[in-house]
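So the chains spell out like this:
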Amino acid sequence: MKILVTSGSSYLGGRIADFFQKEGYDITVGLRHKSDKNDASLNRFKKVLINWNSIASLKRAVAKNNVIIHTAGLSSKECQANPNLAFEFNSLKSGLLGVACQYEKVDLFINLSSIHVYSKDLNEVISEDSATENIDIYSRNKKLTENIFKEISIINQTKFINLRLSNVFGFPINNNQTCWELFVNNICKSAIERKLIKVKSNPLQNRNFISMSLLNRALKHILDNKKELNYYEIFNITSNKSMTLEEVALLIRNGYQEIFSKEINIVFNSKKINCK
């Protein structure tokens, strides 16, 4: 089976491409910039340079692939900083990619969306039928992208699957540095480098977390069962319960102490909590 991962240089894209190549799939990674070809971590993959302004380029990129896993796009932080670009790239150009897949009769298109379309503070039970009430730019952008794929799916050439992911954590396999801004990754890195865990956000905020390994297993399950899928689907990919940031920080502190037999402190909004 041939898979195109649309951004091999991204955190999620790199880990997904790595996982499926090790599973024996024929992997191609998409590159947005010629300079990305210099990333040594991508040397073992086939590469295709994508011009996102050209439907012809998008059609060439997806042609002869069975599955597209769409990992390209602006992060939450980037969307807040440049909302116009967020809607242009994440939504409109992603939609153009979907059209290219219909032209080339790609079997399956998997779009990585976000669980945060429901709410910023996930402290209630949710399902795929829950109301999408979060109105920040990133969440509205993700929802618009889903809706575009819903409309495109009526052509019934390509199946469009939206995965609403909770907060993913795990190590990167490429040079992408933005993954260290993710909460779990960030405090783990701080624990190792600074011997301190610092929580800048409200420690009582609820978030849901999944490992990168769990995401890859979920993707593999979807590919293994793609014949059973409808032409448009939404699936939540989450753990079975949310945690406060304080609970996560304490969990990581305890893990650090168990592994290294050393004490480490946590700082919540400038208040230090002793490790004992």
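Above this text is the structure in question.
Residues numbered from 1 in each chain as written. Predicted model: local features only at pLDDT ≥ 70, side-chain atom pairs only at ≥ 80, totals over all residues. Heavy atoms only, no water.

**A word on helix α2 (residues 55-62)**
- For α2, the set of buried residues is Ser57, Leu58, Ala61 and Val62. Projected onto a plane normal to the axis of α2, the buried residues spread over an arc of 125 degrees and lie on a single side.
- Looking at the buried residues of α2, the elements they touch are β1 (2-5), β3 (46-49), β4 (67-70) and α4 (83-103).
- Two residues or fewer after α2 comes Lys64, characterised by a positive phi angle close to 70 degrees. (Buried < 20%, exposed > 50% of the residue type's maximum accessible area, 1.4 Å probe, protein only. Helix = DSSP H or I, 4+ residues; strand = E, 2+ residues; numbered from the N terminus. Arc of directions from axis to C-beta. Contact = heavy atoms within 4.5 Å.)

**Some details on the packing of helix α1 (residues 11-22) against helix α7 (residues 212-224)**
- Packing of α1 against α7 leaves a shortest axis separation of 10 Å and a crossing angle of 60 degrees. In terms of orientation, α1 and α7 fall into the oblique class. In terms of crossing hand, the pair formed by α1 and α7 is right-handed. Along the contact surface, α1 presents Tyr11, Leu12, Arg15, Ile16, Phe19 and Phe20, while α7 presents Met212, Ser213, Leu215, Asn216, Leu219, Lys220 and Leu223. (Axes fitted to C-alpha atoms, helices over the stretch in contact; angles between N-to-C directions. Parallel < 35°, antiparallel > 145°, perpendicular 65-115°, else oblique. Left-handed = near helix turned anticlockwise from the far one by under 90°.)

**So, the packing of aromatic side chains**
- On inspection of all chains with the given rule, the structure shows eight aromatic pairs.
- Taking 5.2 Å as the distance between ring centres and 35 degrees as the angle between the ring planes, the aromatic pair formed by Phe109 and Phe160 counts as tilted. With Phe109 in strand β5 (residues 108-114) and Phe160 in strand β6 (residues 159-165), the pair connects residues that are 51 residues apart, well separated along the chain.
- Owing to a relative accessible area of 0%, Phe109 belongs among the buried residues under this scheme.
- Through a chain of ring-to-ring contacts, three or more aromatic side chains come together here, namely Phe19, Phe20 and Tyr25.
- One residue, Arg15, lies across the ring of Phe171, its end atom 3.9 Å from the ring centre.
- Taking NZ or CZ as reference, Lys159 lies 5.9 Å from the ring centre of Tyr231, over its face. (Phe/Tyr/Trp six-rings, centres within 6.5 Å; stacked < 30°, edge-to-face > 60°. Lys NZ or Arg CZ within 6 Å of the ring centre and 35° of its normal.)

**Brief notes about a nonpolar patch on the surface**
- Taken together, Ile55, Val99 and Tyr103 make up a surface patch of nonpolar side chains, about 260 Å² in accessible area.
- On the secondary structure map, Val99 appears in helix α4. (Patch = residues over 30% accessible without salt bridge, like charges linked within 9 Å, V, L, I, M, F, W, Y side chains within 5 Å. Areas by Shrake-Rupley, 256 points an atom, 1.4 Å probe, with all protein chains shown as cover. Salt bridge = Lys/Arg side-chain N within 4 Å of Asp/Glu carboxyl O.)

**Some thoughts on the environment of Val184**
- Of note, Val184 is situated in helix α6 (residues 183-194).
- Given a relative accessible area of 9%, Val184 falls into the buried group.
- Excluding residues within four positions of it along the chain, Val184 makes contact with Phe169, Phe209, Val248 and Ile252.

**Notes on the layout of surface pockets**
- Empty space within the second largest pocket amounts to approximately 220 Å³.
- Forming the walls of the second largest pocket are 13 residues, and the residues nearest its centre are Glu124, Val125, Asn208, Lys241 and Ser242.
- A breakdown of the residues in the lining of the second largest pocket according to their chemical character gives four nonpolar, seven polar and two charged. (1 Å grid on protein atoms, 1.4 Å probe; cavity = no way out; pocket = protein on both sides within 12 Å on 5 of 7 lines; lining within 4 Å. Points joined across faces, edges and corners; volume = space filled by probe spheres on them. Nonpolar A, V, L, I, M, F, W, Y, C, P; charged D, E, K, R; others polar.)

**Re the pattern of salt bridges**
- One pass over the structure, following the stated rule, counts eight salt bridges.
- Ionic pairing is found between Lys46 and Asp26, a salt bridge with its closest N-O pair at 3.0 Å. Note that Lys46 is positioned in strand β3 and Asp26 in strand β2 (residues 26-31), a separation of 20 residues in sequence.
- Taking the relative accessible area as the measure of exposure, Lys46 reaches 47% and is therefore partly exposed.
- Note on Asp26: relative accessible area 25%, which makes it partly exposed.
- When the shortest N-O distance is used, the salt bridge between Arg164 and Glu146 registers 2.5 Å. Taken together, the residues Arg164 in strand β6 and Glu146 in helix α5 (residues 137-152) connect sequence positions 18 residues apart.

**A few points about the packing of α4 against α5**
- Across the interface, α4 lies against α5 with an axial gap of 9 Å and an inter-helix angle of 20 degrees. Considering their axes alone, α4 and α5 lie roughly parallel with respect to each other. α4 and α5 meet at a crossing whose hand is right-handed. Side by side, α4 and α5 meet where Pro83, Ala86, Phe87, Asn90, Ser91, Leu92, Ser94, Gly95, Gly98, Val99 and Gln102 of the first sit next to Ile137, Arg140, Asn141, Leu144, Thr145, Ile148, Phe149 and Ile152 of the second.

**What to know about the nonpolar core**
- By size, the foremost hydrophobic cluster in this structure holds 32 residues, and its most contacted members are Ile3, Phe20, Ile110 and Leu163.
- Only β1, α1, β2, β4, β5, β6 and α7 provide two or more residues apiece to this core.
- Counting residues per element, this core draws most heavily on α7, which supplies six residues.
- In this view, Ile110 contacts Val67, Ile68, Ile69, His70, Ile161, Leu163, Leu219, Ile222 and Leu223; residues no more than four positions away in its chain are not counted. (Core = buried A, V, L, I, M, F, W, Y, C linked by side-chain atoms within 4.5 Å.)

Any link to function would need more than the numbers given here.
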